[in-house]
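Examining the three-dimensional arrangement
Here is what each chain is made of, one letter per residue.
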Amino acid sequence: MSAEKWVCEYCTYANYPSAIKCTMCKGQKPLLSEDIFRLNPSPPPAAALIESSALSLSNSNLTSAAGGPSTEARCKWLCAMCTYQNWPRAQRCTQCHTRRDADVQNMQEQLKALSIRRSDPDLMASNRSSPFGSATNLAGSRANLAAARVSPSEGRQAQALAPKWLCVSCTFENWPKSLKCSMCGRGKEPPASTPTEHAAQATLAPPQTPPGGLPASPERDLSAEENCVATNVVNSGKRGQARCLEAANNCDAHQERRLRQLRRQADWNWLNACMGVVENNIGAVETYLACGGNPGRSLTINEVTLLNRNSAFDVGHTLIHLAIRFHREEMLPMLLAQISGSGPGIKRVPSYVAPDLAADIRRHFAAFLRIRKGAFNCHYVNEHATFALPADIEELPLAIQEQLFDELLDRDAQKQLENPPPALNWSLEITARLGSRLMVLWNRSAGDCLLDSAMQATWGVFDRDNVLRRALADSLHQCGHLFYPRWKEYEMIQASLLHFTLAEAQWEEDWNSLLSLASQPGSSLEQLHIFALAHILRRPIIVYGVKYVKSFRGEDIGYARFEGLYLPFLWEQSFCIRSPISLGYTRGHFSALVPTEPYSRIDGARDDAEDVTFLPLMDCEMKLLPIHFLTESEMGREEAIMRQWLDVCMTEGGLMVAQQRLHKRPLLVAQMLEEWLNHYRRIAQVISAPFARRPQLTGYLSDGDTDEE
C-alpha cells in the first residue's frame, strides 16, 4: 500500500493514491499516468533532457505536468557542491550556502552545445562503430558540465575540485602543486595505477545489452549516463567525507607522535615549576631554582602545548608573570630576588636545602606563640632562639667556603653597609679582637623582608607562612590603645624638630594606614612595626642601616630613620630577655645580621657553655644609636635606658657594646644546619677524590646542583 503512494514534489509528503492534492501543503498531484511525450507535440530534444536531468534530483519531477507550480519546480537549479535542488529565485544553496554558479539561461546555452540529436548520422555512426563511444561522450559531457559550473570568478572552488594526490605514508590528501606532503613531509611519488584508476576504467567499459533487450538508443543512453553522473556525485561526496575523517585521524596520530617527541625532550623541572605556580606548589618552584633554573625563562609554544592549559599559560610567560597573574605573593619575592637582588648566582640558604625541616621549624615557632591575658594582650613567643653561622664552616676547603658564602650571604648589602660612612663592622676592636664580625644573610626581596629577617635572626628560616605577620597585625589591633599614645608622642617630637605639626584627623589617618600595612602580606613596614616586633619577640632589636635613602643615580634623596634601638617598653623588664638581635637596612630592604660561632665551639666537651658576641651601641662617629619611641620624659636618659634593658659593657677603646648570648641551638635548627653543611661536605669530598677533575666539577656545582647530584 505504501509503494503506491505518490510523493508531493513540494514538501515530499507521501499521499494516498486517491488523494488529488497533497494532504500537507495542498499541492497538485503530478500526472504520473500521462505520457509526457504525448502532451508535447514536438519530440523533446536531448538538450532539454540533459537540462532537466541536471536541474532535477528525482525522476518524479521530470514527469510533472506543464504549467503552474510544476513548471517552477522543473526550473530548480542544482547546487554544484551538494547537488541540492534550489528554487530559481535562490542565489545561494539552501543546504551548503554555495553561490549559484550560473543562471538557467546560461546553462541552457552551454548545454545546447552538448545536445545529441537523432538527425546527426556522423555522431550516431561513431557511437555504433566505437564500443567506448557512449563512455567517451559521457566523459566529454562531464568535462563540459564542469567547465560550465566553474566560472573564472570561482577560482577557489575550482582549486577545491582539482584532483589531489594521496600521500602513501600518512594518506593525507595534498594539493596538486605540492611537491611534499603537508602533514609528514614525504615527497610526491610518480603516479601509478591505483584502485581509483581501475574503477575509472571499469566505468568506461561499454554497457552490456541485457539478453532479449532492445539496443540502447541515444536518448536512453543519455538518461542512463545522467543517472550515473548523479550517482557518482553522491558517491564522491561520501568518499570525500570518508577521506576527511581519515585525514583527521591521521592528523591526530601525527599530533600524538609530535607530543610524544616533545615529552621526551622537555625540561620537566621547568614545566613542573610553571604548574607549581598555578597550583600554589612552592616546592616545585624551589626544586627548579635549586637545580640552577633561570626564573626569567619564558614559555615556548611547544611547552604551552605540553602543559595543555591555554587559560593559564601563554607563550612568553615567565614564572614571575605567572606569580603575578595568580597572586602568589609568597613566591614572587623569591623569584624577584633571583633576578634583581642580592648578588649574582643562585642562593642556597639552609631553609632551601632542608625545606621539610624548615617547615617543621615554622610550625614549632607558631606553636609557641601566646597571647598574654590582661590589659596588654599582645602576642609573644614562649621560647627564644638566636641564629648564628656554625663554626664547622671553617673545616671546609677555602674554595668551598667561598662558594658557601656566595650562596648564603648578600654581598651587595654587606658592601653597602661597610662602605664609608660605615654602619657595620667599622671597629677592628670588635671584629678582630672580640671576634664579633656580623654577616649579612641573603633575604627575599619583598615587603615581607622585615619579618623574614627577624625569623632568620632567631630561627634561621623565612616567615613563609606569615605567622609573624599575623601576630604583628593582631597585636597592633588589639593593643592599639597602648601603642597609639607612645607612637603619636614620639612622632610629634620628631615633627617638632622639623618645625611642622599635624591635626588629630591626620594622626588617626596615618595610624589606620599603619594598621592596614601590618595586615597585608607583601606590604612594606615602618618603624612602628619594628617596635611591635620587639614586643612579640620579647627582646631588643638593633638596626644598623644607611643614614640616607638614595635614588637610582646614587643621590641622597631623604633621611633613613630606621637605624637605632627598639626596646619593648610596654612589657615589664623581667618578662623580656636582655640578649638582642640585629638587623641591617639598605636600599629599602631588611636583612638579618648574624655572627659566626667561635671555632672552639666545635669541641664536644663544651656542650653547656654559651658564647657571647658584642654588638656596638655607637656609630662610627662614637655617638650613641638613637632609641626609637621614647617619650618626652625619657629623652636625655638614653645611656641609662640601654643599661636598663641590655647587658652593656665598655671595651678598652671606650666603645659601648651590648652582649648577645648564643645558647645551644634548638634541635630542629641544628638538624637543618647539619643537612645544609652535608651538602658542601659532599662537594668537598668529590673535589678531593683521586683523579678528580676540579675545574669542570667546581664550575658545574657553582651553577647549582641538587642534593641527589
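Please read these numbers as outputs of a predicted model, since none were measured by experiment. (Residues numbered from 1 in each chain as written. Predicted model: local features only at pLDDT ≥ 70, side-chain atom pairs only at ≥ 80, totals over all residues. Heavy atoms only, no water.)

In this section: the packing of aromatic side chains. Two numbers describe a pair of aromatic rings. These are the distance of the centres and the angle of the planes. Under the definition given, this model contains 23 aromatic pairs. Here the aromatic rings of Y380 and W571 are separated by 6.1 Å at their centres, their planes lie at 80°, and the arrangement is edge-to-face. Here Y380, found in strand β8 (residues 379-381), pairs with W571, found in the loop between β13 (564-566) and β14 (581-586); they are 191 residues apart in sequence, far enough to count as distant. W571 gets classed as buried once you look at its relative accessible area, which sits at 5%. (Phe/Tyr/Trp six-rings, centres within 6.5 Å; stacked < 30°, edge-to-face > 60°. Helix = DSSP H or I, 4+ residues; strand = E, 2+ residues; numbered from the N terminus. Buried < 20%, exposed > 50% of the residue type's maximum accessible area, 1.4 Å probe, protein only.)

In this section: the confidence of the model for the protein. Averaged over every residue, the pLDDT of the protein is 76; residues scoring 70 or more account for 67%. Predicted confidence for residues 39-69 stays below pLDDT 50, and this span has 49 contacts to residues more than four positions away or in other chains. (pLDDT = per-residue confidence, 0-100. Contact = heavy atoms within 4.5 Å.)

At a minimum axis separation of 12 Å, helix α23 (residues 480-497) and helix α25 (residues 527-537) run at an interaxial angle of 135°. Classified by the angle between their axes, α23 and α25 sit oblique to one another. The way α23 lies across α25 gives a crossing that is right-handed. On α25, the residues that touch F483, R486 and W487 of α23 are L528, F531, A532 and H535. Tallied by class, residues from the contact of α23 with α25 come to five nonpolar, one polar and one charged. (Axes fitted to C-alpha atoms, helices over the stretch in contact; angles between N-to-C directions. Parallel < 35°, antiparallel > 145°, perpendicular 65-115°, else oblique. Left-handed = near helix turned anticlockwise from the far one by under 90°. Nonpolar A, V, L, I, M, F, W, Y, C, P; charged D, E, K, R; others polar.)

Here five strands make up an open sheet; going across it, the order is β9-β15-β14-β10-β13 and the pairing mixed. Strands at the two margins of the open sheet, each flanked by one partner only, are β9 (439-440) and β13. Where β14 meets strand β15 (residues 589-594), five bridges bridge the pair, whose relative direction is antiparallel. If you follow G584 over to β15, its bridge partner there is S591. On the sheet, helix α19 (residues 411-418) packs against β9, β10 (541-545), β14 and β15 and is oriented at approximately 90° with respect to β14. Contacts from α25 reach β10, β13, β14 and β15 within the one sheet, and its direction differs from that of β10 by about 145°. (Pairing = 2+ DSSP bridges.)

With 139 residues, the main nonpolar core has F313, L389, L404, I541, V543 and W676 as its most contacted residues. A per-element tally of this core places helix α27 (residues 667-688) first, with nine residues. Other than its neighbours up to four places away in sequence, I541 contacts I530, L533, A534, G564, L565, Y566, I581 and L583. By size, the runner-up hydrophobic cluster in this structure holds five residues, among which are W165, C167, C170 and C181. (Core = buried A, V, L, I, M, F, W, Y, C linked by side-chain atoms within 4.5 Å.)

Once that is clear, we can look at α25. Side chains three or four residues apart in an α-helix point the same way, a direct result of the helix having 3.6 residues per turn. Here α25 lies mainly inside the structure; eleven of its eleven residues are buried. Every buried residue of α25 is accounted for by Q527, L528, H529, I530, F531, A532, L533, A534, H535, I536 and L537. Positive phi shows up at R538, right after α25, with a value of about 60°.

Let us look at the environment of D412. One can find D412 in helix α19. Its relative accessible area of 42% is what places D412 among the partly exposed residues. C-alpha separation for the pair D412 and W442, spaced 30 residues apart in sequence, amounts to 9.6 Å.

Two elements in contact, helix α22 (residues 467-478) and α23, have axes whose closest approach is 5 Å; the angle formed by their N-to-C orientations is 85°. Classified by the interaxial angle, the pair formed by α22 and α23 is roughly perpendicular. Contacts between α22 and α23 pair S475, L476, H477 and Q478 from the former with G480, H481 and F483 from the latter. For the contact of α22 with α23, the per-class residue count stands at two nonpolar, five polar and no charged.

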